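Listed below are the residues making up each chain.
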Amino acid sequence: MKAFIRMKRTMIVLLLLVVGGMMSGVAAQTHDRFANFARYQSANKELGMPAKREKRVVLMGNSITDHWPKTRPEFFEAHPYLIGRGISGQTSYQFLLRFRQDVVDLHPTMVVINYGTNDIALNTGPYDEDRTYSNVLSMIDIARANGIKVVLASCLPAAGFKWRPEVTDAMEKVKSLNARVKAYAKKKGIPYIDYFSALVSDDGTQMKAEYAKDQPAIHPNAAGYKIMEALLLKVVE
């Protein structure tokens with residue numbers, strides 16, 4: 001009887017260890033999926049270390065950055081030092097998690113950070129401007145600690161989000177976050193690219209129709225990206 005009880009206890013312990021291991025594996029997969037580390041893992045390895053005197057500029061962002069090389073491939077072909085590391089749908093929380101892999105480990109000269117739209121769209125939970133702002137500051141700190149120059153780029157105009165109709169004050173939140181980050185950039189001497197002012201409609205309520213790919217306008221079309229490119233090059237070159 002005692003032997004049976006010991007065997008039963010051993011089986012229970014083994015079962016708990018197996019379940020614990022499975023749960024740990026699930027948690028690890030969840031973290032990987034949340035940050036989407038796999039998206040640029042292979043591309044980063046292919047890049048390897050920069051050659052002597054090679055200049056790299058990483059563009060960190062969401063779908064606006066992600067769609068840029070697909071919409072305007074000729075721009076990136078003409079400026080091969082630009083390295084796009086945008087992931088559609090991501091928020092500043094996810095940027096911060098993959099910042100080392102997709103920025104620091106590439107040893108760029110400069111990083112251009114475009115942030116905030118999906119935070120406001122509630123893509124990873126309730127929007128908190130203080131936390132989004134703090135995530136931006138954390139990325140700045142990490143970049144500077146690794147000798148990487150920082151450029152901050154404004155959120156683009158966003159009147160609303162078709163996947164999140166309950167967000168009815170998107171433009172107010174965009175303007176507030178932009179003003180806060182712009183003031184910080186000015187105080188700290190960090191270059192700031194004001195995409196918002198170049199793309200916003202005359203009445204200040206949305207992106208200009210001629211620059212918008214969708215409705216409500218969130219993503220720029222080719223004409224919108226051309227406007228952004230001119231502003232970007234003024235800073236990085």
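See the structure shown above.
What comes next is a walk through the structure. (Residues numbered from 1 in each chain as written. Predicted model: local features only at pLDDT ≥ 70, side-chain atom pairs only at ≥ 80, totals over all residues. Heavy atoms only, no water.)

1. What to know about helix α5 (residues 92-102)
Each α-helix turn comprises 3.6 residues. Residues three or four places apart therefore point the same way. Residues of α5 that are buried include every one of Ser92, Gln94, Phe95, Arg98, Phe99, Gln101 and Asp102, and no others. Take α5 and look down its axis: the buried residues cluster within an arc of 165°, on one side only. (Buried < 20%, exposed > 50% of the residue type's maximum accessible area, 1.4 Å probe, protein only. Helix = DSSP H or I, 4+ residues; strand = E, 2+ residues; numbered from the N terminus. Arc of directions from axis to C-beta.)

2. Remarks on the pattern of salt bridges
Scanning the entire structure with this criterion turns up 11 salt bridges. Each of Arg39, Asp66 and Lys70 takes part in one network of salt bridges that share partners. (Salt bridge = Lys/Arg side-chain N within 4 Å of Asp/Glu carboxyl O.)

3. Some points on the pairing of strand β2 (residues 82-86)
The buried count for β2 comes to 5 of 5 residues, which makes it a mostly enclosed element. Here β2 shows no split at all, with Leu82, Gly84 and Gly86 on one side and Ile83 and Arg85 on the other all buried. The pairing of strand β1 (residues 57-61) with β2 spans 5 bridges and is parallel. The partner of Val57 across the bridge, within β2, is Leu82. (Pairing = 2+ DSSP bridges.)

4. Brief notes about the nonpolar core
Counting residues in hydrophobic clusters, the biggest one holds 39 residues, and the most contacted among them are Phe99, Val111, Tyr115 and Leu152. Going through the elements one at a time, β1, α5, β3 (110-114), α7 (129-145), β4 (149-153) and α8 (170-188) are the ones with two or more residues in this core. When residues of this core are assigned to their parent elements, the largest contribution, 7 residues, is made by α8. In terms of nonpolar packing, the next biggest core, distinct from the first, is built from 24 residues, Val57, Met110, Val112 and Tyr195 among them. (Core = buried A, V, L, I, M, F, W, Y, C linked by side-chain atoms within 4.5 Å.)

5. A word on unusual backbone geometry
Going from Gln215 to Pro216, the amide bond is cis rather than trans, its omega being -5°. In this fold, Pro216 is placed in the loop between α9 (195-199) and α10 (222-236). The phi dihedral of His107 is positive, around 55°, even though this residue is not glycine. Relative to the assigned elements, His107 resides in the loop between α5 and β3. The partly exposed category is assigned to His107, whose relative accessible area is 41%.

6. Quick notes on the packing of helix α3 (residues 63-71) against α10
Relative orientation of the contacting elements α3 and α10 amounts to 105°, with a least axis distance of 11 Å. Regarding the angle of α3 to α10, the classification is roughly perpendicular. The residues of α10 that touch α3, namely those facing Ser63, Ile64, His67, Trp68 and Thr71, are Ala222, Tyr225, Met228, Glu229 and Leu232. A per-class count over the contact of α3 with α10 returns 6 nonpolar, 3 polar and 1 charged. (Axes fitted to C-alpha atoms, helices over the stretch in contact; angles between N-to-C directions. Parallel < 35°, antiparallel > 145°, perpendicular 65-115°, else oblique. Contact = heavy atoms within 4.5 Å. Nonpolar A, V, L, I, M, F, W, Y, C, P; charged D, E, K, R; others polar.)

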